[in-house]
Amino acid sequence: MERTFLMVKPDGVQRNLIGEIVSRFEKKGFQLVGAKLMHIPTELAEQHYGEHKERPFFGELVDFITSGPVFAMVWEGENVIATARQMMGSTNPKDAAPGTIRGDFGLTVGKNVIHGSDSPASAAREIGLFFKEAELVEYKKLVNEWVY
Ligand code: DAT
Ligand code: MG
């Protein structure tokens, strides 16, 4: 089963959106396999956003993501990587459709509420950066017989 890394960013935590966001993925039918509230150390933030190192907004991005606690999660399910990206909406909330997380809760590209892995390779990399194997919980949910 596919897994992805999702994270409520510091703005989402401060705005009390953890429950709302977790609820959307739960209701969709995805399964939570790991989660923690944490401050991201600067080195981890720089690794996580390594692909953006040369972008003009890199410093701002690292400052923002380390500015307060985030809620880091691993979710599992059929096609969860691409579907979670659709549920998040476009990177810039002004382009994100209503009904998506960024479309419903964000106004600016900097503070766009949620992060989600954009490919199987980045999901594997990001899950490995944020979670130890022992922090990920394998379990069966009976409701999955009604999801799949
Ligand atoms: P996403 O978070 O949708 O995967 P991304 O990987 O291109 O988007 O960028 C990572 C984050 O960097 C994004 O969530 C917000 C910030 N960002 C992206 N483009 C930006 C820009 N032009 N100005 C300021 N921040 C930007
Ligand atoms: Mg990205």
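Because the structure is predicted, anything quoted here is derived from the model rather than measured. (Residues numbered from 1 in each chain as written. Chains lettered and ligands numbered in written order. Predicted model: local features only at pLDDT ≥ 70, side-chain atom pairs only at ≥ 80, totals over all residues. Heavy atoms only, no water.)

### Let's talk about the UniProt feature "binding site: ATP" (unreviewed entry) in the protein chain
Stated precisely, the cut-off is as follows: UniProt positions are given in the numbering used here, feature names are shortened, and annotations may be inferred rather than shown by experiment. The helix and strand labels rest on DSSP assignments: H or I over at least four residues marks a helix, E over at least two residues marks a strand, and numbering proceeds from the N terminus. In this description, contact between two residues means that some pair of their heavy atoms is separated by no more than 4.5 Å.
Mapped onto this structure's residue numbering, the UniProt feature "binding site: ATP" (unreviewed entry) falls at Lys 9, Phe 57, Arg 85, Thr 91, Arg 102 and Asn 112. Relative to the helices and strands, Arg 85 is located in helix H5 (residues 80-88). Discounting residues that sit within four places of it in the chain, Arg 85 has contacts with Thr 91, Gly 116, Ser 117 and Asp 118. With respect to the element layout, Arg 102 can be found in helix H6 (residues 101-105). In contact with Arg 102, other than residues within four places in its own chain, are Lys 9, Met 88, Gly 89, Ser 90, Thr 91, Pro 93, Ala 96, Asn 112 and Ile 114.

### Section: the nonpolar core
Here is the rule: To define a nonpolar core, start from buried Ala, Val, Leu, Ile, Met, Phe, Trp, Tyr and Cys residues and group those joined through side-chain atoms within 4.5 Å. Relative accessibility under 20% of the residue-type maximum defines a buried residue, over 50% an exposed one, and the middle range a partly exposed one, all with a 1.4 Å probe and only protein chains included.
The biggest cluster of nonpolar side chains holds 21 residues, and the ones touching the most others in it are Leu 6, Ile 21, Phe 25, Met 73, Trp 75 and Ile 101. Elements supplying a minimum of two residues to this core: strand E1 (3-8), helix H2 (18-28), strand E3 (70-76), H5 and H6. Looking at this core, the element that brings in the most residues is H5, giving 5 residues. Discounting residues that sit within four places of it in the chain, Met 73 has contacts with Thr 4, Phe 5, Leu 6, Met 7, Val 8, Val 22, Leu 32, Gly 34, Ala 35 and Phe 131.

### Details of the site of ligand 1
Cut-off, in case you're wondering: Any residue with a heavy atom lying within 4 Å of a molecule or strand is counted as near it. Any pair of N or O atoms that falls within 3.5 Å is considered a polar contact. Within protein, one atom must be able to donate a hydrogen and the other to accept it, and sequence-neighbouring residues count only if both atoms are side-chain atoms. Using the Shrake-Rupley algorithm and a 1.4 Å probe, accessible areas are obtained, with residue cover drawn only from the displayed protein chains. Note that Gly is not counted as nonpolar here; it falls among the polar residues with everything else outside the nonpolar set of Ala, Val, Leu, Ile, Met, Phe, Trp, Tyr, Cys and Pro and the charged set of Asp, Glu, Lys and Arg.
Around ligand 1 lies a shell formed by Lys 9, Tyr 49, His 52, Phe 57, Leu 61, Arg 85, Thr 91, Arg 102, Val 109 and Asn 112. Side-chain polar atom of Arg 85 to an oxygen atom of ligand 1: 2.8 Å apart, as the coordinates give it. In the complex, the protein chains occlude 77% of the 520 Å² of accessible area that ligand 1 would expose alone. In terms of residue class, the shell around ligand 1 is made up of 4 nonpolar, 3 polar and 3 charged.

### Examining the UniProt feature "domain: Nucleoside diphosphate kinase-like" (unreviewed entry) in the protein chain
Per the UniProt record, "domain: Nucleoside diphosphate kinase-like" (unreviewed entry) is annotated on residues 1-138. Helix makes up 41% of residues 1-138 and strand makes up 17%, while its end C-alpha atoms are separated by 11 Å.

### Brief notes about the sheet that holds E3
Spelled out, the test is: Paired strands, in this sense, are two strands between which DSSP finds at least two bridges. Between N-to-C directions, angles span 0 to 180 degrees; the directions come from axes that are lines fitted to C-alpha atoms, helices contributing only their stretch in contact.
Taken together, 4 strands build an open sheet; the order of strands is E2-E3-E1-E4 and the sheet is antiparallel. Lying at the two open borders of the sheet, with one neighbouring strand each, are strand E2 (31-38) and strand E4 (114-116). In this sheet, adjacent strand axes meet at a mean angle of 15° when their direction is disregarded. Bridging between E2 and E3 involves 7 bridges; their strand directions are antiparallel. Among the inter-strand pairings, Ala 35 is bridged to a residue of E3, identified as Met 73. Its contacts with the sheet place H2 against E1, E2, E3 and E4, and it is angled at close to 5° to E3.

### Thoughts on the packing of aromatic side chains
The criterion, for reference: Pairing of aromatic rings covers Phe, Tyr and the six-membered ring of Trp, with a centre-to-centre limit of 6.5 Å; geometry is then stacked below 30 degrees between planes, edge-to-face above 60, and tilted otherwise.
As enumerated under the stated definition, the model contains 3 aromatic pairs in all. The interplanar angle of 25° and the centroid separation of 4.4 Å between the aromatic rings of Phe 5 and Phe 130 together place this pair among those described as stacked. With Phe 5 in strand E1 and Phe 130 in helix H7 (residues 120-130), this residue pair connects regions lying 125 residues apart in the sequence. In this pair, the class of Phe 5 matches that of Phe 130, namely buried. Taking the centre distance of 6.4 Å and the plane angle of 65° together, the rings of Phe 5 and Phe 131 count as edge-to-face.

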